[in-house]
Amino acid sequence: MKKNWWQEAVIYQIYPRSFNDSNGDGIGDLQGIIEKLDYLEKLGVDAIWLSPVYQSPNDDNGYDISDYETIMTEFGTMEDMECLIREGKKRGIYIIMDLVVNHTSDEHAWFIEAKQSTDNPYRDYYIWRDPVEGKVPNDLRSNFSGSAWEYSEETGQYYLHLFSKKQPDLNWENHELRQKIYTMMNFWIDKGIGGFRMDVIDLIGKVPDEEIISNGPMLHPYLKEMNQATFGGKNLLTVGETWGVTPEIAKLYSNPNGEELSMVFQFEHIMLDQQPGKEKWDLKPLNLLELKKVLSKWQTELKGEGWNSLFWNNHDLPRIISRWGNDESYRVESGKMFAILLHLMQGTPYIYQGEEIGMINTPVKDISELADIESLNMYHERLQQGYDKSTIMASLNVKGRDNARRPIPWNNTTHGGFTTGTPWLSLNSNYKEINVADTLKDPNSLFYTYQRLIQLRKNNPIVVKGSYQLLLEDDPDIFSYLRELDGIRWLVVANFSDQQVSTSFPKEMQPHRLIINNYNQTFYEDLERITLRPYETFVVELK
Ligand code: TEU
Ligand code: CA
């Protein structure tokens, strides 16, 4: 493995349940992924971030793990997993495992033991507190609605669960627990994986009694300890999911000295369309000026002192074309705009399955059409709080996680060729128009824009290493920036609106050649007076 290979890499995220079903039970599986490795090789990605494939009762689709060293029965066997790692490697594709160690399932052997008695040897692996005046210990809330404390009959104490009550939080203060986790990580490293994506890793240093949840005092010491005990010095890609990160903290995690992680996911841009201080369901329109400011801040602040990860989508987020683009008249144009804008920035880009064919949200009429625990819990909580059903459904249709979790349509046959059986979650009914086979047939499709962007990154050091400067800072419709390396300058210009927009660049900015764009136009001559069509986006090298 080349040192820092992950800085030049593009990662593809797979949500296995919804990717490809090889045996007709309606659930995607490991053999299904293996069948599609050639497709991913054609796209050009260097690694797959595999959402959890471990044994799990699936209260949260695998993010509730009951055995870290066994493969989920529905997904296949350990032999299948080893085959995936091997077959991936043949095609230059590493497997990044999802490491979920803030919590386990309540069906994990540790928790089954721990809940028995207060003196059980595993008791301290989890976080227990006495009732306070017969009630919950404090006001901590679960990310999936309601209190974060659940009463346990066996011992008359509460345990902490920052997610569902079937996801009890692990107690990272316990030395023995930490060692068990490191041993488990080494088990996977020995199988030849390419690294870890670390689920809500910024929560492991929590101090529940002080209601400190993210960025607790022991977070960075634990990560340094983990690094030394497991992946340190092995050139693996490690990316932390950190909702509460700031650029200052990101430099601690992803400092080039390599003491902690390769990079983290920051979510500041992702939270721009929610009302400040409220929940993700409380919507507000995106202001492009804010988006430009936030993304540019991360570009400049981490320069040389940390490393960015770049993404619009994942399995928790709505589809970006529906979210901030236009999924009706300009699906492909706006999709290409998002792709170009993101992949030309500095950092490691992540593509979420289906993004490369321009999948969009799947609005539903009734809660019975959804499966996600976060959505179901929120629905019931808000109904009780007196919200009306249509307001709740509107939020769910914009932000609900099932928007990202609909199975991948591979072609236009029944169930999009995802399964020969009945899919665990129905497909978006548009699969006859939006599917992989048709996208591959069209030389102007989004797929080939992604393919080209990946090639550009591989062949042009400016994409990986160049400096970043935001231009037209106050323009409310245009997102434009300049990359520069060793005298080479690339100008990126995107019309982030569904209207025609005009602008002007200084005379010194003379286009020399076109790098990539999203409309059929071969050259942009005069940047002093330029009119852009809806979502029109281009990159030119300047003279
Ligand atoms: O997500 C963490 C997390 O905070 C999200 O659940 C968030 O609350 C919301 O979904 C974003 O809008 C991670 C995983 O990515 C998610 O799938 C898991 O459900 C969660 O942790 C628990 O493991
Ligand atoms: Ca299957």
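Residues numbered from 1 in each chain as written. Chains lettered and ligands numbered in written order. Predicted model: local features only at pLDDT ≥ 70, side-chain atom pairs only at ≥ 80, totals over all residues.

Participant: Before we go on, may I ask you to explain the sheet that holds strand β5 (residues 94-99) in this structure?
Facilitator: Ordered in space as β11-β10-β9-β5-β2-β1-β13-β12, the eight strands form an open sheet in which the pairing is parallel. Of all the strands in the sheet, the pair left with one neighbour each is β11 (263-265) and β12 (309-310). With four bridges joining them, strand β2 (residues 47-50) and β5 adopt parallel strand pairing. Bridge pairing in β5 places A47 opposite Y94. (Pairing = 2+ DSSP bridges. Helix = DSSP H or I, 4+ residues; strand = E, 2+ residues; numbered from the N terminus.)

Participant: What am I meant to see in the domain arrangement of the chain here?
Facilitator: Quite often, the size of an interface is put as the accessible area lost when its parts meet. One can read the domain layout of the chain as domain 1 (7-106 + 171-449), domain 2 (109-160) and domain 3 (465-542). Computed over C-alpha atoms, the centres of domain 1 and domain 3 are 30 Å apart. Opposite the 18 residues of domain 1 that make contact, domain 3 presents 18 residues. Within the residue set of the side of domain 1 that touches domain 3, elements represented by two or more residues are α8 (288-301) and α10 (331-343). Of the residues that constitute the side of domain 1 that touches domain 3, the class distribution is eight nonpolar, seven polar and three charged. (Domains from an automatic or database assignment. Contact = placed C-beta atoms within 7 Å. Nonpolar A, V, L, I, M, F, W, Y, C, P; charged D, E, K, R; others polar.)

Participant: Is there a simple way to explain the sheet that holds strand β16 (residues 488-495) in this structure?
Facilitator: Sheet strands associate in pairs through backbone hydrogen bonding, adopting either a parallel or an antiparallel arrangement. An order of β14-β15-β16-β20-β18 is seen for the five strands of this open sheet, with the pairing classed as antiparallel. Two strands close off the open sheet at either side, each with one partner strand: β14 (467-471) and β18 (511-517). Between one strand axis and the next, the sheet turns by 25° as a mean value, whatever way the strands run. Of the strand pairs in this sheet, β16 and strand β20 (residues 537-542) are connected by five bridges, and their pairing is antiparallel. Within the sheet, the bridge partner assigned to W490 lies in β20 and is E541. Seen against the sheet, α8 touches β14 and β15 (478-485) and runs at an angle of roughly 160° to β14. (Axes fitted to C-alpha atoms, helices over the stretch in contact; angles between N-to-C directions.)

Participant: Where do I start with the pairing of β16 in this structure?
Facilitator: Across the eight residues that make up β16, a large majority, six, are buried. Where β15 lies against β16, eight bridges are found, and the strand directions are antiparallel. Across the sheet, residue L482 finds its bridge partner in β16, namely L491. Hairpin connection of β15 to β16: two residues between the antiparallel strands, including D486 at a positive phi of 45°. (Buried ≥ 20, exposed ≤ 12 C-beta atoms within 10 Å, placed from the backbone.)

Participant: Please clarify how helix α12 (residues 389-399) should be interpreted in this entry.
Facilitator: Because the α-helix completes a turn every 3.6 residues, residues three or four places apart line up on one side. What α12 keeps buried is the set I392, S395, L396 and K399. Buried residues of α12, viewed axially, fall in a sector of 100°; they line one side. (Arc of directions from axis to C-beta.)

Participant: Please clarify how the site of ligand 1 should be interpreted in this entry.
Facilitator: The environment of ligand 1 is made up of 14 residues, and the closest members are D60, Y63, N143, F163 and D316. Grouping the constituent residues of the shell around ligand 1 by class yields five nonpolar, two polar and seven charged. (Near = placed C-beta within 6 Å.)

Participant: Any chance you could explain the packing of α10 against helix α15 (residues 446-459) here in plain terms?
Facilitator: If you want to describe how two helices pack, look at the angle between their axes and the distance between the axes. Put simply, α10 and α15 touch, their axes get as near as 10 Å, and they point 10° apart. Here α10 lies roughly parallel to α15, going by the angle between them. In this structure, α10 crosses over α15, and the sense of that crossing is right-handed. Residues V332, G335, K336, A339, I340 and H343 of α10 lie in contact with α15, whose contacting residues are L446, T449, Y450, L453 and R457. Its residues assigned to classes, the contact of α10 with α15 shows six nonpolar, three polar and two charged. (Parallel < 35°, antiparallel > 145°, perpendicular 65-115°, else oblique. Left-handed = near helix turned anticlockwise from the far one by under 90°.)

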